[in-house]
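# Working through the structure, step by step
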Amino acid sequence: GESVGLHLPTLSVQEGDNSIINCAYSNSASDYFIWYKQESGKGPQFIIDIRSNMDKRQGQRVTVLLNKTVKHLSLQIAATQPGDSAVYFCAENGGQNFVFGPGTRLSVLP
Amino acid sequence: GAGVSQSPRYKVAKRGQDVALRCDPISGHVSLFWYQQALGQGPEFLTYFQNEAQLDKSGLPSDRFFAERPEGSVSTLKIQRTQQEDSAVYLCASSLVGRLANSPLHFGNGTRLTVT
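The text that follows walks through the structure, step by step, so that each part is easy to find. (Residues numbered from 1 in each chain as written. Chains lettered and ligands numbered in written order. Predicted model: local features only at pLDDT ≥ 70, side-chain atom pairs only at ≥ 80, totals over all residues. Heavy atoms only, no water.)

### Overview of the overall build of chain A
What counts, and what does not: Runs of H or I in DSSP of at least four residues are treated as helices and runs of E of at least two as strands, each being numbered from the N terminus. The quantity called the radius of gyration is restricted to C-alpha atoms. Its globule counterpart is 2.2 Å times the number of residues to the power 0.38. Throughout this description, buried means an accessible area under 20% of the type-specific maximum (1.4 Å probe, protein chains only), exposed means over 50%, and partly exposed covers the range between.
Broken down by element type, chain A carries zero helices and eleven strands. Walking chain A from its N terminus toward its C terminus, one meets helices and strands in the order β-β-β-β-β-β-β-β-β-β-β. In summary, chain A has a C-alpha radius of gyration of 13 Å against a globular reference of 13 Å for 110 residues, a match within 12%. Dimensions along the principal axes, computed over C-alpha positions, put chain A at roughly 40 × 30 × 25 Å. A buried classification covers 43% of the 110 residues belonging to chain A.

### Regarding the state of the cysteines
Residues and elements named next belong to chain A. Using the following cut-off: In this description, a disulfide is simply a cysteine sulfur pair whose atoms lie within 2.5 Å.
Evaluation of the coordinates by the stated rule reveals two disulfides over all chains. Disulfide pairing places Cys-23 opposite Cys-90 at an S-S distance of 1.6 Å. A residue pair is termed long-range when its members are at least 10 positions apart, and Cys-23 in strand S3 (residues 19–24) and Cys-90 in strand S9 (residues 86–92) qualify at 67 residues.

### Digging into the side chain of Ser-75 of chain B
Residue and element names in this part refer to chain B. This is how it is decided: We call two N or O atoms a polar contact when they sit within 3.5 Å, provided that within protein one can donate a hydrogen and the other can accept it, with sequence-adjacent residues counted only if both atoms are side-chain atoms. Any two residues having at least one pair of non-hydrogen atoms within 4.5 Å are treated as being in contact.
With respect to the helices and strands, Ser-75 occurs in strand S8 (residues 75–79). The class of Ser-75 is buried, set by a relative accessible area of 0%. A polar side-chain atom of Ser-75 sits 2.9 Å from a polar atom in the side chain of Trp-34. If we skip the residues at most four places from it in the chain, Ser-75 touches Leu-21, Arg-22, Cys-23, Leu-32, Trp-34, Phe-49, Glu-68 and Arg-69.

### Points about the interface of chain B and chain A
We apply this condition: Values labelled buried area give the accessible surface lost by two parts on being combined, using a 1.4 Å probe and summing over both. Note that Gly is not counted as nonpolar here; it falls among the polar residues with everything else outside the nonpolar set of Ala, Val, Leu, Ile, Met, Phe, Trp, Tyr, Cys and Pro and the charged set of Asp, Glu, Lys and Arg.
Taken together, the 22 residues of chain B in the interface contact 23 residues of chain A. Counting each side, the surface lost to burial between chain B and chain A is near 1700 Å², with a carbon and sulfur contribution of 50%. Applying the counting rule to chain B against chain A returns nine residue pairs in polar contact (both at pLDDT 80 or more). Broken down by secondary-structure element, the contributors of at least two residues to the side of chain B that touches chain A are strand S4 (31–37) and strand S5 (44–50) of chain B. When grouped by side-chain class, the residues that make up the side of chain B that touches chain A number eleven nonpolar, eight polar and three charged.

### Quick word on the side chain of Ser-31 of chain B
Residues and elements named next belong to chain B. By the secondary structure assignment, Ser-31 is in strand S4. The exposure class assigned to Ser-31 is buried, which follows from its relative accessible area of 0%. For Ser-31, the side chain forms a polar contact with the main-chain oxygen of Val-97, separated by 2.6 Å. Beyond its immediate chain neighbours, meaning those up to four positions away, Ser-31 contacts Tyr-48, Phe-49, Arg-69, Ala-93, Ser-94, Ser-95, Val-97, Gly-98 and Arg-99.

### Observations concerning the packing of aromatic side chains
Definition in use: Classification of ring pairs rests on two measures: the distance between centres of Phe, Tyr or Trp rings, Trp counted by its six-membered ring, which must be within 6.5 Å, and the angle between planes, read as stacked under 30 degrees, edge-to-face over 60 and tilted in between. For a lysine, the NZ atom is tested; for an arginine, the CZ atom; a charge sits over a ring if that atom is within 6 Å of the ring centre and within 35 degrees of the ring normal.
Considering all chains together, one arrives at 13 aromatic pairs over all chains under this definition. Considering the side-chain rings of Tyr-32 of chain A and Phe-98 of chain A, the 5.9 Å spacing of their centres and the 65 degrees angle between planes classify their relative orientation as edge-to-face. Highlighted residues: Tyr-32 of chain A in strand S4 (residues 32–38) and Phe-98 of chain A in the loop between S9 and strand S10 (99–100), separated in sequence by 66 residues. Here Tyr-32 of chain A and Phe-98 of chain A have matching classes, each one buried. Ring centres of Tyr-36 of chain A and Phe-100 of chain A lie 5.7 Å apart, and the angle between their planes is 40 degrees; on these two criteria the pair is classed as tilted. On the criterion of sequence distance, the pair formed by Tyr-36 of chain A in strand S4 and Phe-100 of chain A in strand S10 is long-range, its members being 64 residues apart. Neither Tyr-36 of chain A nor Phe-100 of chain A differs from the other in exposure class; each is buried. An aromatic cluster is built from Tyr-36, Phe-46, Phe-89 and Phe-100 of chain A together with Phe-33, Tyr-35, Phe-45, Tyr-48 and Phe-107 of chain B, whose rings are joined through pairwise contacts. Above the plane of the ring of Tyr-10 of chain B lies Arg-9 of chain B, whose end atom (NZ or CZ) is 5.5 Å from the centre.

### Considerations on the pairing of strand S11 (residues 111–115) of chain B
All names here are of chain B. For clarity, the threshold we go by: DSSP calls a pair of strands paired once it identifies at least 2 bridges connecting them.
The two faces of S11 differ: Thr-111, Leu-113 and Val-115 on one face are buried, but Arg-112 and Thr-114 on the other face are not. With three bridges connecting them, strand S9 (residues 88–95) and S11 associate as antiparallel partners. Along S11, the bridge assignment pairs Tyr-90 with Thr-111.

This is how it looks when you write it as structure tokens:
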């Protein structure tokens, strides 16, 4: 299930299940979005990006969906693995610079 | 290595000391960004360079923060008279093209600054 932690919302999923991480972005003028994965002690790592002229893009085990009407972005991870445990951030290009969301911690249960 | 390199990885400073944080971007990358990340939060923009030109410093929290990229490659973020609220992870990112070209940022592993 999903719950709001002290600092980060947390999503707990069973290994092998699919994960869906959601993000609401703020700037209707944003036309480019990126999902990043951040493991403890490391910098954000690029996962997948999408431009505003698309509503879906697929990568290896990941899919990003963009709904511009409600300014919503989601990241779907298929067959979640223990190595997927991390904090996930969405980023929008916000006109000039990339603006990051607050992040969601994904916890994969054995 | 081919990635963004930052040094030092950890820095402990006494309040009032000056610190300098270094970033080696990916070779040939035009854009360089500095971000600040507080514990449990997303990265917050500090400043942006296109080659050697600092085009945006709107995110720098005070005039104690100064960044440079004199030859368009390595960059240094300097914080003068550090305060406890400066404690954070400082992330550097580079991108192949200018920031309006919609290209992903490649991040280093950051420098964790602790001010005591």
